[in-house]
Amino acid sequence: MQENPPILRTSLCRYGMEALAHAEKLVREGQPVAIPTETVYGLAANALDSDAVARIYAAKGRPSFNPLIVHVSGMEMAERLAHFDDLATRLTERFWPGPLTLIVPVREDSGLSPLVMAGLSTVALRMPAHRAMQALIDRTGLPLAAPSANRSGAISPTTAEHVLRSLEGRIPLIIDDGATERGLESTIAAPAGGQIRLLRPGPITADMLTEATGVPVVMGGGEKIEAPGQMESHYAPSKPVRLNAAQAQTGEYMIGFGDVAGDISLSETADLEEAATSLFAALHIADASSAPRIAIAPVPAEGIGAAINDRLRRAAA
Ligand code: TXA
Ligand code: MG
């Protein structure tokens with residue numbers, strides 16, 4: 001863990017030219033700013049500047065062995081940072097901009113802060129499909145390192161309000177552009193040696209990766225922690241979570257799905273896309289409720305349901 005960062009006044013600004021100008025100035029000064037992507041809100045800083053990257057780790061209280069995703073706004077920028085083989089290139093053509101992070105070999109002359117990779121020879125790159133993050137990368141001309149904008153291990157933020165609750169006083173600026181569209185972090189995939197390893201399930205499913213490339217997808221990582229978003233306890237509320245609940249027991253705040261009713265529902269019509277979008281907001285609401293425990297209805301593991309169940313398991317761990 002890092003030391004506590006100095007206490008800052010956190011401004012909350014509606015997305016627009018003024019907010020972007022403010023964010024650009026802060027990023028150029030090496031400060032991190034919270035800004036939405038289509039998945040979750042990110043805490044973005046200049047990926048070429050080690051002081052700036054260190055401020056991300058400090059604001060989140062994130063262990064420094066957990067590497068960061070670098071966000072780019074175009075292929076030219078991506079290719080200055082890393083090597084793309086045929087398979088990686090095909091994935092970018094099919095899914096960028098969008099919620100797919102690719103693990104690719106970092107270029108020796110990338111200029112990236114070594115803190116971003118945390119000692120690995122690969123870098124995680126993603127081209128987000130969101131006007132705010134794209135505009136900030138374009139205005140600064142910089143690749144931006146950005147983890148989710150929450151305290152390490154806590155529930156990811158899908159609104160500016162979630163960011164404020166988690167990071168107020170620890171960062172100078174939050175740009176508010178409403179609730180995020182996808183609601184779950186990007187899929188993390190490592191294309192190499194003619195196969196694709198899925199390191200973190202997300203909105204781009206294994207079936208979509210295979211369908212786009214004709215290449216098999218294998219689950220999970222290598223020997224060491226490769227995507228410690230994969231650390232067991234993560235996305236965790238402050239109280240116990242019970243999964244696959246058919247109904248609430250005494251003292252539980254119940255999160256329903258489909259026919260299983262609750263205090264709130266991820267999707268009353270059992271729509272998995274809707275459940276993905278509302279999952280973290282539901283966990284935030286349940287966590288803030290007066291109930292001492294949380295129960296969650298079963299959610300089928302098909303399609304994006306695999307990513308939902310991955311996050312639920314870690315929330316309960
Ligand atoms: O949707 C997202 O991906 C969001 C938004 C802000 O873009 N970002 C995000 O970042 O979820 P974060 O830091 O919460 O998750 C990054 C994950 C971590 O699990 C980390 O271990 C993994 O990416 N990662 C980073 N570099 C890696 C590498 N070289 N090899 C394997 N995994 C890596
Ligand atoms: Mg995170």
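On a predicted model such as this, the values are computed, not experimentally measured, just so you know.

About the criteria used
Residues numbered from 1 in each chain as written. Chains lettered and ligands numbered in written order. Predicted model: local features only at pLDDT ≥ 70, side-chain atom pairs only at ≥ 80, totals over all residues. Heavy atoms only, no water. Helix = DSSP H or I, 4+ residues; strand = E, 2+ residues; numbered from the N terminus. Buried < 20%, exposed > 50% of the residue type's maximum accessible area, 1.4 Å probe, protein only. Domains from an automatic or database assignment. Contact = heavy atoms within 4.5 Å. Buried area = accessible area lost by both parts, 1.4 Å probe. Salt bridge = Lys/Arg side-chain N within 4 Å of Asp/Glu carboxyl O. Polar contact = N/O pair within 3.5 Å; in protein donor to acceptor, adjacent residues only side chain to side chain. Nonpolar A, V, L, I, M, F, W, Y, C, P; charged D, E, K, R; others polar. Phe/Tyr/Trp six-rings, centres within 6.5 Å; stacked < 30°, edge-to-face > 60°. Axes fitted to C-alpha atoms, helices over the stretch in contact; angles between N-to-C directions. Parallel < 35°, antiparallel > 145°, perpendicular 65-115°, else oblique. Left-handed = near helix turned anticlockwise from the far one by under 90°. Core = buried A, V, L, I, M, F, W, Y, C linked by side-chain atoms within 4.5 Å.

Trainee: I'd like a rundown of the environment of Lys25, residues and numbers included.
Mentor: Tracing the chain through its elements places Lys25 in helix 1 (residues 17-28). A relative accessible area of 51% means that Lys25 is categorised as exposed. Remark: the alpha-carbon pair of Lys25 and Glu161, spanning 136 residues in sequence, is separated by 23 Å.

Trainee: Let's hear about the domain arrangement of the protein chain: which residues, and what values?
Mentor: Domain annotation of the protein chain identifies domain 1 (11-219) and domain 2 (241-316). The gap between the C-alpha centroids of domain 1 and domain 2 is 26 Å. Across the boundary between the two partners, domain 1 contributes 19 residues, which contact 16 residues of domain 2. Taking both partners together, domain 1 and domain 2 bury about 1,300 Å²; carbon and sulfur atoms supply 63% of that area. Looking at the side of domain 1 facing domain 2, the largest losses of area belong to Ile155, Leu184 and Pro201, adding up to 44% of the total buried there. Here domain 1 and domain 2 share one salt bridge between them. In this structure, Glu185 and Arg311 form a salt bridge, with 2.9 Å as the shortest nitrogen-oxygen distance. For the pair domain 1 and domain 2, the number of links is four residue pairs in polar contact (both at pLDDT 80 or more). Classifying every residue of the side of domain 1 that touches domain 2 gives six nonpolar, eight polar and five charged.

Trainee: Can you break down the packing of aromatic side chains residue by residue, with the values?
Mentor: Two aromatic rings, taken as a pair, are described by how far apart their centres are and by the angle between their planes. Per the counting criterion, the structure on display carries one aromatic pair. Each ring, one from Phe84 and one from Trp96, has its centre 6.2 Å from the other, and the planes form 80°; the classification is edge-to-face. Of this pair, Phe84 sits in the loop between helix 3 (75-81) and helix 4 (86-95) while Trp96 is found in the loop between helix 4 and strand 5 (100-105), placing the two residues twelve residues apart along the sequence. Here Phe84 and Trp96 have matching classes, each one buried.

Trainee: Talk me through the packing of helix 1 against helix 6 (residues 131-140); I want residue IDs and the actual numbers.
Mentor: Contact geometry for helix 1 and helix 6: axes closest at 10 Å, N-to-C directions at 55°. Considering the angle they form, helix 1 stands oblique to helix 6. Between helix 1 and helix 6 the crossing geometry is right-handed. Residues Met17, Leu20, Ala21, Ala23, Glu24, Val27 and Arg28 of helix 1 form the contact with helix 6, whose participating residues are Ala132, Ala135, Leu136, Arg139 and Thr140. By residue class, the composition of the contact of helix 1 with helix 6 is eight nonpolar, one polar and three charged.

Trainee: Account for the pattern of salt bridges, naming residues and giving values.
Mentor: By the definition in use, this model includes 14 salt bridges. In this structure, Asp176 engages Arg14 in a salt bridge whose closest nitrogen and oxygen atoms are separated by 3.4 Å. One end of the pair, Asp176, is in strand 8 (residues 173-176); the other, Arg14, is in strand 1 (residues 11-14), with 162 residues separating them in the sequence. The residue Arg242 makes a salt bridge to Glu252 at a minimum N-O spacing of 2.8 Å. Here Arg242, found in strand 12 (residues 241-242), pairs with Glu252, found in strand 13 (residues 252-256); they are ten residues apart in sequence, far enough to count as distant. A single network of salt bridges, built from pairs that share partners, joins Glu185, Asp310, Arg311, Arg313 and Arg314.

Trainee: Help me get a handle on the nonpolar core, residues and values and all.
Mentor: Trp96, Leu100, Val116, Val123, Leu125 and Leu209 are the most contacted members of the largest nonpolar core, which totals 67 residues. Setting aside chain neighbours within four positions, we find Val123 in contact with Val70, Ala82, Leu102, Ile103, Val104, Val106, Leu112, Val116 and Met117. Counting 30 residues, the second largest nonpolar core, distinct from the first, contains Leu266, Ala286, Ile304 and Ala307.

Trainee: Explain unusual backbone geometry to me, using residue names and the numbers behind them.
Mentor: Residues Trp96 and Pro97 are joined by a peptide bond in cis, for which omega reads -5°. Residue placement: Pro97 occurs in the loop between helix 4 and strand 5. Residues other than glycine seldom take positive phi values, yet Ala118 does so here, at roughly 50°. With respect to the helices, strands and loops of the structure, Ala118 is situated in the loop between helix 5 (114-117) and strand 6 (122-126). Phi at Ala270 is positive, roughly 60°, even though this residue is not glycine. For Ala270, the location among the structural elements is in the loop between strand 14 (264-265) and helix 9 (272-288).

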